[in-house]
Amino acid sequence: MEDNPRHFVHMDEWEVEAVLARTSDPDLRLSLSFGIGMHHAGLTEGDRRICEQLFHDRKIQVLVATSTLAWGVNLPAHLVLLKGTEFFDAKAKGYVDFPLTDVLQMIGRAGRPQFDDSAVARIFVTDSKKEFYKRFLHEPFPVESSLHKHLHEHINAEVAAGTIKSAQDAVDYLSWTYLYRRLRQNPTYYGVEDASARGVNAYLSKLVLDCFGELERAKCVCVDFDHARGAVAVAATPLGKIASQYYLSHTTLQTFAARLAALDRAHAFRDLLHLLSEAAEWAELPVRHNEDLLNRELARQVPFPLGRGQVDYLSPHAKACLLLQKHLVRGELPSSDYVTDTRTVLDSSVRILQAMVDVAAYLGDAGAALAAVELMQAVKQAALPTYSPLLQLVPSLTAADARRVAAQRGLQLRCLGDLMAASDQQLRAAFAPLGADPAAVERWCEGVRALPLVDVTVSPGSVFGAPGAGSGARPAKLSSLDGLEPQTQYSLAITLAYAAARTQFGRPKMLRECGQAYTPRFGKTQYEGWWAVLAQGDELLAVRRISMQGGDAGQSRRDGGRGERRTVKLMFITPETSGAYRLRLVVASDAYMGLDQEYDVDITVGARQMTVPADASVFSKERVREYQ
């Protein structure tokens with residue numbers, strides 16, 4: 001090797017130069033020149049593909065990789081070396097052993113049937129673990145179940161779906177799982193003292209009741225004990241259904257419900273950002289060795305402090321909060337690992353925020369729901385709410401550029417909507433004073449044209465359970481919102497229509513699908529949607545999310561044809577006191593900043609005496625929110 005440093009390179013010199021020219025990472029370029037590739041999450045996808053292809057084609061002979069390569073990419077080798085069997089775990093605040101399944105998967109990469117008759121796998125371990133791994137490699141290890149460690153999410157999902165309605169249903173459900181089989185064959189592993197069928201059933205019953213208890217404390221289920229019959233019934237609550245719908249932990253919903261109820265209105269955005277980072281889903285976010293030092297430095301660069309008092313910089317929740325804030329201010333990250341971790345956080349943030357909106361709706365808090373929608377817009381556009389909506393465009397504009405565009409005389413640009421309604425000539429003239437090259441102006445204009453012009457129409461819907469109507473009567477159509485009955489369920493029909501626009505500007509290259517949202521800094525494809533929120537003062541009466549995905553929504557508004565149209569109904573309960581009321585309807589984008597619309601909806605509630613139907617549950621506001 002010393003005599004021939006290119007011993008691991010099986011390429012001509014011109015081919016090596018071509019490969020290095022396509023490689024972006026400088027360290028990888030250096031190692032590839034000696035026939036040694038690297039593969040880890042910190043590299044770009046292009047660099048990883050280069051290493052995979054070169055190693056697969058045997059043009060380089062050595063590949064240094066992380067443990068995840070063994071699971072995701074099929075790259076067998078003649079010799080596999082495991083340099084240690086430990087990794088740094090932030091929860092344990094120290095090094096812990098790799099799972100045995102990971103070790104098996106890694107050494108399983110040794111062997112190329114098309115090239116070799118034999119292969120070699122070597123594991124480097126400390127002397128104290130040598131006998132354990134020798135036994136592990138030469139004697140079979142049973143595969144055990146982990147269902148009992150993650151039972152809450154499974155049980156909650158089945159309760160929400162109606163599969164499990166009692167404790168006996170839950171025990172029957174578990175009797176068909178792999179956990180039940182292993183309980184009978186290896187009871188000691190699971191702490192079962194009595195291995196008989198009666199003992200296993202007693203263990204499962206205790207497991208189910210403990211799970212029910214924790215879910216009930218999180219307000220995800222309601223448990224009813226029938227002591228006379230010795231039965232335990234269970235039913236899902238709205239919080240449990242939200243957790244099931246968005247695949248979230250019951251502890252996340254419990255935290256959201258408690259914290260949203262005490263939200264500080266003056267600092268709603270900051271508090272919701274911290275609440276988002278406290279979701280249990282971030283518990284597995286990797287915090288590597290010495291990253292507490294990097295996190296401490298990042299905390300000095302973000303607009304919102306992590307908290308008062310002592311902060312644990314090894315906490316994955318603290319890291320999630322820092323990554324979200326750096327994303328919002330478009331700041332530089334200290335390493336490629338942090339870039340990868342940011343993508344992980346962003347991938348899950350949207351569904352968690354959607355669940356946050358639903359929890360706020362369940363609590364009837366219009367301010368919290370709209371603040372959560374605002375945070376969702378900010379995350380998708382990588383911008384703080386105080387930023388100009390023009391900063392959504394690419395290439396990036398500065399705050400000074402946005403002010404210069406808004407100050408154009410003759411255009412009267414009061415808001416982003418005025419710029420969207422301008423002609424192509426006016427649009428180009430608005431960006432011309434910035435002195436940018438024509439290609440940049442063209443991309444800015446394309447970005448503005450990518451934003452949807454939305455027409456909102458509000459009309460009377462139907463009345464449910466009207467006085468004098470039978471229990472099976474269909475909802476009656478409304479002609480107006482005057483003379484409504486007190487404490488009666490009504491609906492509003494909300495129609496969103498994309499206005500057609502004739503333009504010579506093309507579509508941004510990132511928009512490849514109809515209905516795709518213009519979110520150039522989010523990194524993952526998003527689709528246009530809108531939240532319709534109906535409120536009376538601070539009380540949220542109804543909320544619906546309107547998806548514009550599908551059809552020709554993305555194309556029709558740019559070619560002058562008929563725009564895409566969606567109609568939904570918002571159900572609400574009228575006040576019990578007669579009089580005139582002004583409701584507030586907010587139609588907010590879940591992807592764009594500066595496009596929210598607000599309308600006043602005037603209703604009058606008549607003085608006629610209310611007749612209560614037999615099914616009084618129709619008047620429950622909780623049932624209406626749950627239905628929606």
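Look up a bit, the structure's there.
Definitions and limits used
- Residues take numbers from 1 onward in each chain, read along the sequence in its written order.
- Given that the model is predicted, a residue must reach a pLDDT of at least 70 before its local features are reported, and side-chain atom pairs must reach 80 or more before they are shown or counted; all residues, however, enter totals for whole chains, interfaces and linings.
- Computation of side-chain values covers all heavy atoms of the structure but excludes hydrogens and water.
- Two cysteine sulfurs form what is called a disulfide whenever their separation falls within 2.5 Å.
- At least two DSSP bridges between two strands are needed for those strands to be called paired.
- Note on conventions: DSSP H or I runs of at least 4 residues are helices, E runs of at least 2 residues are strands, and numbering of each starts at the N terminus.
- Fitting a line to C-alpha atoms yields each axis, with helices limited to the stretch in contact; the angle taken between N-to-C directions then spans 0 to 180 degrees.
- To sort residues, take the accessible area from a 1.4 Å probe on protein chains only and compare it with the maximum for the residue type: under 20% means buried, over 50% means exposed, and anything in between is partly exposed.
- Residues belong to one nonpolar core when they are buried, are Ala, Val, Leu, Ile, Met, Phe, Trp, Tyr or Cys, and are joined through side-chain atoms within 4.5 Å.
- Only heavy atoms enter the contact rule, under which two residues are in contact if any of them lie within 4.5 Å.
- Multiply 1.5 Å by the residue count of a helix minus one, and that product is the helix's expected span.
- Contacts described as polar in this section are N or O atom pairs within 3.5 Å, which, within protein, must combine one atom able to donate a hydrogen with one able to accept it, while residues neighboring in sequence count only if both atoms come from side chains.
- This arc corresponds to the set of directions leading from the helix axis out to the C-beta atoms.
- Salt bridges are counted wherever a side-chain nitrogen of Lys or Arg sits within 4 Å of a carboxyl oxygen of Asp or Glu.
- In this analysis, rings of Phe, Tyr and Trp, with Trp reduced to its six-membered ring, are considered paired at centre separations within 6.5 Å, and the interplanar angle assigns stacked below 30 degrees, edge-to-face beyond 60, and tilted for intermediate values.
- By definition here, charges over rings are those cases where NZ of Lys or CZ of Arg is within 6 Å of the ring centre and within 35 degrees of the ring normal.

Under the defined criterion, the tally for this structure stands at zero disulfides. Here Cys220 stays unpaired: no disulfide links it, and the sulfur of Cys222, its closest cysteine neighbor, is 10 Å away.

Here we come to the sheet that holds strand S12 (residues 529–536). Spatially, the four strands line up as an open sheet ordered S13-S12-S15-S16, and their pairing is antiparallel. At either margin of the open sheet sits one strand with a lone partner, and together these are strand S13 (539–547) and strand S16 (597–605). Taken pair by pair, the neighbouring strands of this sheet meet at an average axis angle of 20°, ignoring direction. With eight bridges connecting them, S12 and S13 associate as antiparallel partners.

Before going further, it helps to spend a moment on the pairing of strand S3 (residues 79–83). Burial along S3 is one-sided: the face carrying Val80 and Leu82 is buried and the face carrying Leu79, Leu81 and Lys83 is not. In this structure, S3 lies alongside strand S6 (residues 120–124), joined through five bridges in parallel fashion. Within S6, the residue paired with Lys83 across the bridge is Phe124.

What follows covers the nonpolar core. Core analysis: the biggest nonpolar cluster contains 89 residues, and Ile155, Leu204, Phe212, Leu260, Leu272 and Met356 have the highest contact counts within it. Looking at which element gives the most residues to this core, the answer is helix H16 (residues 336–363), with 12 residues. In this structure, Leu260 is in contact with Leu272, Leu275, Met356, Val359, Ala360, Leu363, Asp365 and Ala368, ignoring residues within four places of it in sequence.

Counting along an α-helix, one turn takes 3.6 residues, and residues three or four places apart therefore face a common direction. Look at helix H21 (residues 438–450): 18 Å from first C-alpha to last across 13 residues, which is about the 18 Å you get at 1.5 Å a residue. All buried positions along H21 are accounted for by Ala440, Val441, Trp444, Cys445, Glu446, Gly447, Val448, Arg449 and Ala450. Of the surrounding elements, those touching the buried residues of H21 are helix H19 (416–421) and helix H20 (424–431). If you check the start of H21, you find a side-chain oxygen 3.1 Å away from the backbone N of Ala439, and it comes from Asp437.

Turning our eyes to something else, we now look at the sheet that holds strand S11 (residues 489–498). With antiparallel pairing, four strands are arranged side by side in an open sheet as S10-S9-S11-S14. The sheet is open, and its two edges are formed by strand S10 (476–477) and strand S14 (565–573), each paired on a single side. Pairing of strand S9 (residues 454–464) with S11, which is carried by nine bridges, proceeds in the antiparallel orientation. Directly across from Val454, in S11, lies its bridge partner Tyr498.

Residues of helix H7 (residues 151–161) that are buried: Leu151, His152, Ile155, Asn156 and Val159. Buried residues in H7, looked at end-on, bunch into an arc of 120°, giving them a common side. The elements touched by buried residues of H7 are helix H8 (167–174), helix H10 (197–217), strand S7 (221–226), strand S8 (231–236), helix H11 (238–245) and helix H12 (250–260). In the segment just after H7, Gly162 is the residue with positive phi, at about 90°.

Scanning the model with the defined rule gives 23 salt bridges in all. The partner of Lys129 in a salt bridge is Glu86, and the shortest N-O contact between them spans 2.8 Å. Here Lys129 is found in the loop between S6 and helix H6 (130–138), whereas its partner Glu86 is found in strand S4 (residues 86–89), with 43 residues between them in sequence. In this structure, Asp590 engages Lys380 in a salt bridge whose closest nitrogen and oxygen atoms are separated by 3.7 Å. Of the two residues, Asp590 is situated in the loop between strand S15 (579–589) and S16 and Lys380 in helix H17 (residues 366–381); the sequence distance between them amounts to 210 residues. Where salt bridges share partners, they join Arg288, Glu291, Lys319, Asp337 and Asp341 into one cluster.

Turning our eyes to something else, we now look at the packing of aromatic side chains. Applying the stated criterion across every chain, the model contains eight aromatic pairs. Aromatic pair Phe88 and Tyr95: ring centres 5.6 Å apart, planes at 75°, arrangement edge-to-face. With relative accessibility at 17%, the residue Phe88 sits in the buried group. Each ring, one from Phe132 and one from Tyr133, has its centre 5.2 Å from the other, and the planes form 85°; the classification is edge-to-face. Of the residues examined, Phe132 reaches a relative accessible area of 39% and is grouped as partly exposed. A connected cluster of aromatic rings, assembled from ring pairs, spans Phe132, Tyr133 and Phe136. Taking the ring centre of Phe34 as reference, the NZ or CZ of Arg6 above it sits at 5.4 Å. The ring of Tyr338 has Lys319 sitting right over it, with the charged end atom 4.5 Å from the ring centre.

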